[in-house]
Each structure stands twice: as C-alpha cells, then as structure tokens.
Amino acid sequence: NKRVKNTRVSRPFIIGSQAWNLDPTTTPTTPIPEGHTKGWRVYVKALDSGPSLDTWLKKVQFKLHMTYADPSRTIEAPPFQIQETGYGEFDIEMRLYFDSSSGEKAQYRSHRLRLEPYGSEEQQKLQRDANMVTSETCEIVEFNEPSHEFFAKMTAE
Ligand code: SLL
C-alpha cells in the first residue's frame, strides 16, 4: 500500500462528557441502581463547525471504572457515545480505531469524567443552574504519510 510522501493529514475532534443530577422524584424508564445520583455521557465527536469524523473514525472502545458490571464498551458507529448512571468520578480510557486504509494503529486517550461543578464560582453557578456539567477537550489526530486510498477519502470530504 503506497503512501503519500511528506504529507500529513490532521483532524481535530472533541472528547467530552456531560453529567447531571438524577431527579429521584421522576420515574425513569429504566430503574436507577441503588446509590446512583448522577446521569452522565461520554463521547467522541466532531467539532460543531468541522467535518464529520465518520471518514476516519471507525470504532471507539470505552473502558469504564471496574465497578461497572461490563466496563468495556465498544461503539462501532456514530454517535460514539456511552450514557450511564453512577455516583463517582473516574478516568475513562478510550481506544480509537481508524479506517483500515489509514494504516494507522489504534490510539489511546483518557478523559476524566466530571460529575461535580468545577471552575470559577461563576462557572459553577452556570453549571448548577443548567444541571449540566460539561467537560470537553479538543484533540488532534495526525495521519503521517497516509495511504493513497485514505488520502483520497480524506481530501474528498
Ligand atoms: C470514587 N474513585 O470513589 C471513585 C470511584 C466509581 C464509579 C468511582 C457506579 C458503578 C456501578 C459508579 O459510579 N462507579 O455501580 O455500576 O469516587
């Protein structure tokens, strides 16, 4: 598989999480496990204004805290997201799998799941008022000397 020399294709993307307080007075569609106070989701997504990541991202494996019954969750199509309930913060480990024509091995990322408001007093108030704690980081993936096939896919976007 010939590669495109002296060429690098980079793509930005977002890894993030959102968390909210579960409301014990409403009846959820699925029962909330004992002791769980928060709902949360973790995701890998494109920038709001950016190109979709379907072209290069094929699979995300999320590894949750070992207190979860089935801590390893694999998502093979967008949205690359897990939604759960829980009580504690922890680091979520992720393995990103790329389009096979990219010739790139899976890459590791880690994201701290934040359940409690953080930042300045003002920021914390906004999060409390919205009942939503969002924590996102912008990441970049670089494909060095990609295969011709993959380069064509990426530049056709
Ligand atoms: C803490 N060090 O104590 C962390 C651990 C554990 C998170 C957080 C529920 C798992 C389940 C859950 O939220 N585990 O019961 O399915 O803060």
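Please refer to the structure higher up on the page.
Residues numbered from 1 in each chain as written. Predicted model: local features only at pLDDT ≥ 70, side-chain atom pairs only at ≥ 80, totals over all residues. Heavy atoms only, no water.

Student: Any chance you could explain the site of the ligand here in plain terms?
Tutor: The environment of the ligand is formed by His-36, His-65, Thr-67, Tyr-68, Gly-86, Tyr-87, Gly-88, Glu-89 and Phe-90. One nitrogen or oxygen atom from the side chain of His-36 is found 3.0 Å from an oxygen atom belonging to the ligand. Between the ligand and the protein, one listed contact pairs an oxygen atom with a backbone N or O atom of Gly-88 at 3.4 Å. Computed on the free molecule, the ligand has an accessible area of 460 Å², of which 66% lies beneath the protein chains in the complex. Of the residues assigned to the shell around the ligand, the class counts are three nonpolar, five polar and one charged. (Near = heavy atom within 4 Å. Polar contact = N/O pair within 3.5 Å; in protein donor to acceptor, adjacent residues only side chain to side chain. Areas by Shrake-Rupley, 256 points an atom, 1.4 Å probe, with all protein chains shown as cover. Nonpolar A, V, L, I, M, F, W, Y, C, P; charged D, E, K, R; others polar.)

Student: Explain the nonpolar core to me, please; I cannot follow it from the model alone.
Tutor: Looking at soluble globular proteins, one finds that nonpolar side chains tend to be buried together. Trp-40, Val-44, Trp-56, Leu-57, Phe-62 and Ile-92 are the most contacted members of the largest nonpolar core, which totals 29 residues. Elements with a minimum of two residues in this core: strand 1 (8-21), strand 2 (38-45), strand 3 (57-63), strand 5 (80-86), strand 6 (91-98), strand 8 (133-144) and helix 2 (148-155). With near-sequence residues (within four places) excluded, Trp-56 lies in contact with Arg-11, Phe-13, Tyr-97, Phe-98, Asp-99, Val-141, Phe-143, Phe-150 and Met-154. (Core = buried A, V, L, I, M, F, W, Y, C linked by side-chain atoms within 4.5 Å. Buried < 20%, exposed > 50% of the residue type's maximum accessible area, 1.4 Å probe, protein only. Helix = DSSP H or I, 4+ residues; strand = E, 2+ residues; numbered from the N terminus. Contact = heavy atoms within 4.5 Å.)

Student: Teacher, can you tell me more about the sheet that holds strand 8 here?
Tutor: The strands making up a sheet are joined through hydrogen bonds of the backbone, oriented either antiparallel or parallel. Taken in spatial order, the four strands make up an open sheet running 5-2-1-8, and their pairing is antiparallel. The outermost strands of the open sheet, each flanked by one partner alone, are strand 5 and strand 8. Across the sheet, the mean angle from the axis of one strand to that of its neighbour is 15 degrees, orientation sign disregarded. In the sheet, strand 1 pairs with strand 8 via twelve bridges, with the strands oriented antiparallel. Counted as the bridge partner of Gln-18 is Thr-134 from strand 8. (Pairing = 2+ DSSP bridges. Axes fitted to C-alpha atoms, helices over the stretch in contact; angles between N-to-C directions.)

Student: What is the right way to look at the pairing of strand 3 in this model?
Tutor: Regular strands show a simple pattern: their side chains alternate between the two faces of the sheet. Pairing of strand 3 with strand 6 involves six bridges; the strand directions are antiparallel. Looking at strand 6, one finds that Lys-63 is bridged to Glu-93. As judged from the four bridges shared by strand 3 and strand 4 (residues 72-75), these two strands associate in the antiparallel manner. From the neighbouring strand, Val-60 faces strand 4, where its bridge partner is Ile-75.

Student: Which parts of the structure should I look at to understand the pattern of salt bridges?
Tutor: Two side chains of opposite charge can pair, provided their charged atoms sit close to one another. Throughout the structure, instances matching the rule amount to twelve salt bridges. For Glu-116, the salt bridge identified is with Lys-38, shortest N-O distance 3.7 Å. Of this pair, Glu-116 sits in the loop between strand 7 (107-112) and helix 1 (121-130) while Lys-38 sits in strand 2, placing them 78 residues apart in sequence. Take Glu-116: its relative accessible area is 43%, and that puts it in the partly exposed class. Classification of Lys-38 as buried rests on a relative accessible area of 8%. (Salt bridge = Lys/Arg side-chain N within 4 Å of Asp/Glu carboxyl O.)

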